[in-house]
Amino acid sequence: MVVHAEIRMVHRGGSKINFREPVITHDSRFLLCAAGESVNVYSTSTEEYVHDLQGHTDLVTGVVLNPSNHLQVYSCSADGTVRLWDFTDAILIKTFIIGYPIYSIYVSEKHGGVVFLVVPMANYKSSELFQLVAVHLPHSGDQEVEARELSAVLCDVSHHPGAASFGREGEYIAAVKGLQLEVFFFKKQKSYRFSLKSGMKKGAKNAFTCVSCHPKEDCIATGHEDGKIRMWRNFNQKKEYTYSTLHWHHGAVNTLCFTPEGTNLLSGGIESVLVHWHYTQENQKDFLPRLGAAITHIAVSPDGSLFCTSHSDNKITIIQSCVKVSAVIQGLVKGDGVWTNLIIDPRSKALVLNGKPGHLQFYSLHHDKQLYNLDIVQQEYIHEEGLDQFEVVKAAFDARGDWLATVEERRKKGAELEINLKLWAYDELTQSFVLNTTVTAPHEDRITAMFFSPSPETTMLVTTSLDGHFKAWLLADHSDANAEGFWACDFVGGYHLLKPGCCSFSADGSLLSVGFQEVVTVWSPASWELLTTLSQPPGAIRDLCFGRLSCSKYLLGASTKNQLCCWNLLTCSLEWSTPMDVSLLQTDPLSENIAAFCSQSGSSDLFVFKPSEPRPLYSQKALCTGKVQHAVFAPRDQMLESCEERTQWLNRSQLYFLTQHMDLLTFSTKTEEDRLLASSKQLMVDDSVAVTPFYLLLGKHRGQQLEKQEALTNPMAERTQLPQGSIAIKELLHTPAHVLPSASFLCAMFVRSLLISSSSAREEKEHEEGEMEREKEEEDSEGEADPRLGESATWGHPEEFGAPALTKAQERELRKVRTFDHSWLSSLLDC
Amino acid sequence: MASFKSTKIPIYPKLGEKVTPDTLYWKNYKAPVQIKEFGAVTSIDFSSLAPHNYAVTASTRIHIYGPFSTEPVKTFTRFKDTAYSGKFRSDGQLLVAGCEDSVVRLFDVSGKVALRVFKGHTKGVHVTDFTSDCYHILTGSDDYTCRLWDIPNSTELTSYKEHTDYIRCGTTSKLNRDIFITGSYDHTLRVFDARVEKSVMTMDHSQPVESVLLYPSEGLLVSAGGRYVKVWDLLKGGQPLVSLKNHHKTVTCLSLSSNGQRLLSASLDRHVKIYNTTNYKVVHNFDYAASILSLALAPDDESIVVGMTNGVLSIKHRKSPEEKREMVGKQRMQPVYRIFVKGRNYVPKKDDFLVSKPVKSHLAKYDKQLKKFNISKALDTALESWRRNRKPEITVAVMKELDRRGTLKNALAGRDEQNLSQLLNFLIGNVVDPRFTPVLVTATEMILDIYQAVVGQSSVVDRQLVRLQELVEREVDYQQDLLEVLGMLDTLFATSLPRKEVPCPGSSRPNGLAEGSLGAPGPQLQAA
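Note that the coordinates shown come from a computational prediction; the quantities given were computed from them, not determined experimentally.

Peer 1: Provide a residue-level description of the overall build of chain B, including the pertinent values.
Peer 2: Within chain B, the secondary structure is distributed over 12 helices and 28 strands. Burial statistics for chain B: of 528 residues in total, 45% are counted as buried. In chain B, the share of contacts with a sequence separation of at least 24, taken over all contacts with a separation of at least 6, comes to 44%. Total accessible area computed for chain B in this model is approximately 29,000 Å², and 55% of it derives from carbon and sulfur atoms.

As structure tokens, this is what we get:
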């Protein structure tokens, strides 16, 4: 493995965000949820991913708010630690090492500094027995604290996080398992057990599934497998307890939740309907139907204004006061199976695969985010177990991404198969696919393969089916332009009534090869002539692919009997063959490379090779356990410039593959990781605002706008900045606030000081006017003083002569100085 | 929260003709006006002068009709025997006609008596025409000759005796006064030039030629004879271009539409076929009551006039645009439509502030019930009488939806006699419809399962069940017969198709093992 150190396998495509109950913060701004080995923080209003809390080394199994500090959050993980985080800044505050894998966490306001954890029973480490323990978190300044003082509260509890709940003010805790409800009172240190009969008669399944306690009253609500909800009261004694039953769900009640005031009870199950029971009038209920998939968890924000529901299709829905879905956080849907291969949409470069039932999901690998779901089946989905539903089993894009072909099928028990072939045209206006043609029953049996011709001239679709035929479908052209073209069958081919299992087009679309069990037939799609047949018995052909670019003369076929064959199409002879149990062949659209996944003794190996050379470019043994069923080469946005021979095959495109456990994995090289690291550093720009891609986009745009505006208003800005530049004001602004006089006192002066430059002209004018008046007065007074002129002249003259004669202008200047108000300066000095 | 997705009603392809612009154009004619003539109508010719009267030659008369008159405007009766080929001169003043008594007569359109009488032919004259300079007349006769006559002197100019059988059709060039073309029962078409002694071009139609037609450009010539219509390229020395075989009896007449884009051929098989002249595919077809002998189109395709062997002249006039609009206007006057459309076609002005209102999705009645999971009620609404009679596809779609939900059996159960007989009626009406069979067969099986206990309690239901049984048995017999026919056809096709060898070097032996011996490269692959 040292040799391959530069190539690493990396998990891609979203972890499960519906694994545990999400948490809404006190201010309802953020939503936290466990996602794989980290805790993701989303914005509740924009449904945008904000950041994640990284640090756990195993699956995060629970997230709860710290009851004593609403800006902190506890998370527990299977790695045996409880971590305390500041979620707004994504800072790890403390790590408490417990030492056992933790399955869920509960806290209560009353029990400060104590967390309740579900851990495996100490002496049965491997078994399925769990206990609820209280852990006193020690106060210590260290980052990592060992907390090994566990005191058992309840034994034999379920590891399911919904199976325990704190009662009113933390006085008791209720836990359910199987047919038993156990209530532990902390004050009395005593527990009561209430059990139900298994009740298999009349279809009743009484097993408990979840529990929730009323926050204000002594009431426990429990959910059951047969869809009943029981409300337990008067349970602080062994005998005289009572319960009432509410029944709406027809499947098991997956989750229950009381609103913070206890006025409502929310429940959800497989019906994907959020049921809203009124606590006081128990026969009244409201519904929020068609939430998309079975509800697995419900959480309510502490102020009760927001609900959020987790769904089985890896989705979190945020609901405003039980009436309106305000946001949907959607991860990569990992359903029961991927029947369509992994496909890359040529237009958006998104990964396309089965999503919700009857949908195709478009998943952006670049942003690790679901772009949208395309409804293929277009039928109301009935949420009921054991119902045969239509499933999308095949999908294909043409070379330019203008057309999408899908096949949906429904197999009824003991009845014939229903198949529909649908062709979707890309609509530039709405930027999505629009249904163009529906072909009901395109074949009489299952469709095994479907491909578009890669040639740019004709859009042709080829389907092969177990009914022994392959069909070519063409877009029927219409001479009149107003009628939209539709697809019609152009050719039906077969070979000796054998069942075709796979087909492949050559890179230029000039050849079509169809594998009929042991025989490979090569056809010319232009004339539908059977050009040649190739065969390599024993073993039916499982997968076929043509070489590309310089290797386009080679045709590769993988057969079931451990053989990989390469034929040369120019000589129609076998070039080489090798014994390999190839489960999947995948060609890189941008290079000659072909990836072959082989299953060997329970695990998969990967070989990357060129058809012209028998030596593999890269090989990795024991990639993962189980067979690799689906893989795809996704073209890179930017080519990597790796020169090392072993990593060169990853330069142009990236190989994604899906393991049996539905993990989406990819290969990443060192240079790529370096680049990613660098780009993530660039992203850390401004920590005051949540950095979302949207913000980055808008922020940059705004910045540019501001600069532009500044450039436009530059002369103005300079002028207004003048007073600010003065030292006095700078000093004023930089003096600590507590030393300064009150703001209202300073404000008037400050504002006036800022106004000087613009109003000085008017002031001057006013002054002049005032002076004129004053002069007039003086003149008048002089005139009045005329009678006593002689007198004044007698004492005034020497003065006049003694002092140097002032000109009129100088005099005016002096007067101005006298009249000018300097009081604000003096007051400033006083301070 | 997604909205409820309504039940999808599949759109089944409509059987029958496809609507193309051609069908719209050629269907835009009123019901035909029929006029009875005295004998078979052998020729119809439109005057090029403004009211576009047309001359109809039938028996011993030539009638001239106005464009919208059912009574003849004028009649020429001075024929001693059957008249043929009444033709207008291009200025519309003169009319020439041949006669079985071998005399060719020239009339003034306003007069009654023949202006000129050309004698010289020895047998009946079936072909007459004016040359493009208006001073000469072309005639073709059963005495195997065709002649040119001078109108002012009423003398014969030239005579060609090249054909070896009756000359039954001919036309003059509209661009050159000396060129004319004749077709004869000796299977040939001949192009003559009056300046030359002999024919300049001969084409072999290989059937007696009944009609010839020159394109306005005169580069192409169309001839009809036997069941074939053939197009010849005159500029390439009479090379055959296409041969059309769309009639199953002799084609008697040819005509071009006014814009030259469509070619019409009339035949004794009572059909008029319209071809596209670019690809020579039939774009439309008219049916008539009797074998057609003559056909003419008014300028601008204003009317189609067809003469038949039983003496009926059928005239179709084009619908005027006003009438069309009237019909549309009538539809618009319906009050329901007015209320429906009120305010919806309002276009907001520039400064208007648009307040968008959430569009309330309208659900059909059965969808409303399905939304509430009221399955029996949903089926009831889908089985309402008008719906099941006029739109059985809706009823079937609802049944299919219920089947998908796994609740069809519940919905079918618990019905009383009236309800059940209604249901059975619907099944009897539609179960053999190939569009609905897959769904209805399951429904029928379920009904039989559910109600087998009550068989014999109601005479109505019992009778219907018996009918259903008979229907199914008959259908099974049909299918059996069809399969037999299919098998027979398959063998016929298999024997008629040429056996094609498939080059498969590896089908018999595994080429992987025998790769050394199989060194021969596939040449066809290198081409690919």
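There is more to say after this.
Peer 1: For the nonpolar core, give the residues involved together with the corresponding values.
Peer 2: In terms of nonpolar packing, the biggest core is built from 35 residues, with M399, L402, L412, L424, L440 and I447 of chain B touching the most fellow members. Sorting the residues of this core by element identifies α4 (365–371), α5 (375–382), α7 (392–404), α8 (408–412), α9 (417–430), α10 (437–451) and α11 (459–496) of chain B as the ones contributing at least two each. In this structure L440 of chain B touches V396, M399, F426, L427, N430 and V431 of chain B, once residues within four positions along its chain are discounted. Of all hydrophobic cores here, the second largest spans 19 residues; its members include A595, L606, L617 and F667 of chain A.

Peer 1: Any chance you could break down the packing of aromatic side chains for me, citing the residues and the numbers?
Peer 2: Residue and element names in this part refer to chain A. Under the counting rule described, the total for this entry stands at 52 aromatic pairs over all chains. Judged by centre distance (5.0 Å) and plane angle (70 degrees), the rings of F116 and F166 are edge-to-face. One end of the pair, F116, is in strand β11 (residues 114–120); the other, F166, is in strand β15 (residues 164–166), with 50 residues separating them in the sequence. Three or more aromatic residues joined by ring pairs make a cluster, and in this case those are F470, F491, Y495, F516, W523 and W528. Geometry around F19 places R20 over its ring, the cationic atom sitting 4.4 Å from the centre.

Peer 1: Which residues make up the sheet that holds strand β22 (residues 242–247) of chain A, and what values do they have?
Peer 2: All names here are of chain A. In spatial order, the strands read β19-β20-β21-β22; together these four strands make up an open sheet with antiparallel pairing. Each edge of the sheet is formed by a strand with only one pairing partner; in this case those strands are β19 (208–213) and β22. Within this sheet the neighbouring strands show an average axis-to-axis angle of 25 degrees, counted without direction. Both strand β20 (residues 219–224) and strand β21 (residues 228–233) contribute to a ladder of five bridges, which runs antiparallel. Across the sheet, residue C219 finds its bridge partner in β21, namely R233.

Peer 1: How would you explain the pattern of salt bridges if you had to name every residue and give the values?
Peer 2: Overall, the coordinates contain 31 salt bridges over all chains when judged by the stated rule. With a closest N to O distance of 2.8 Å, E409 of chain A and R446 of chain A form a salt bridge. On the criterion of sequence distance, the pair formed by E409 of chain A in strand β36 (residues 403–411) and R446 of chain A in the loop between β38 (432–440) and β39 (447–452) is long-range, its members being 37 residues apart. With relative accessibility at 8%, the residue E409 of chain A sits in the buried group. By relative accessible area, which is 32% here, R446 of chain A ends up partly exposed. Between E384 of chain B and K365 of chain B there is a salt bridge, with the nearest N and O atoms lying 4.0 Å from each other. Here E384 of chain B, found in the loop between α5 and α6 (385–390), pairs with K365 of chain B, found in helix α4; they are 19 residues apart in sequence, far enough to count as distant. A relative accessible area of 49% places K365 of chain B in the partly exposed class. Here the salt bridges do not stand alone but share partners, grouping R347, R400, D402 and E428 of chain A into one network.

What counts, and at which threshold
- Per chain, the residues get numbers from 1 upward, laid out in the order the sequence is written.
- Here every chain gets a letter starting at A, and every ligand a number starting at 1, in the order they are written.
- Only residues with pLDDT of 70 or above have their local features reported here, since the model is predicted, and side-chain atom pairs are shown and tallied only from 80 upward, although totals for entire chains, interfaces and linings are computed over all residues.
- The basis for the side-chain values is all heavy atoms of the structure; hydrogens and waters are excluded.
- The secondary structure listing takes helices from DSSP runs of H or I that are at least 4 residues long and strands from runs of E that are at least 2 residues long, numbered from the N terminus.
- Each residue is assigned to one of three classes by its accessible area relative to the maximum for its type, calculated with a 1.4 Å probe on protein chains only: buried under 20%, partly exposed between the two thresholds, exposed over 50%.
- Here, two residues are considered to be in contact whenever any of their heavy atoms come within 4.5 Å of each other.
- Under the convention used here, a 1.4 Å probe and the Shrake-Rupley method define accessible areas, while residue burial counts only the protein chains that appear.
- Nonpolar cores were defined as sets of buried Ala, Val, Leu, Ile, Met, Phe, Trp, Tyr and Cys residues, with membership established by side-chain atoms within 4.5 Å.
- When the centres of two rings from Phe, Tyr and Trp lie within 6.5 Å, Trp using its six-membered ring, the rings pair. Their planes under 30 degrees apart give stacked, over 60 give edge-to-face, and anything left gives tilted.
- Two conditions define a charge sitting above a ring: the NZ of Lys or the CZ of Arg must be within 6 Å of the ring centre, and it must be within 35 degrees of the ring normal.
- Two strands pair under a simple rule: DSSP has to find at least two bridges between them.
- Fitted lines through C-alpha atoms serve as axes, helices being fitted only where they are in contact, and the angles separating the N-to-C directions of these axes extend from 0 to 180 degrees.
- What counts as a salt bridge is simple: a side-chain nitrogen of Lys or Arg found within 4 Å of a carboxyl oxygen of Asp or Glu.

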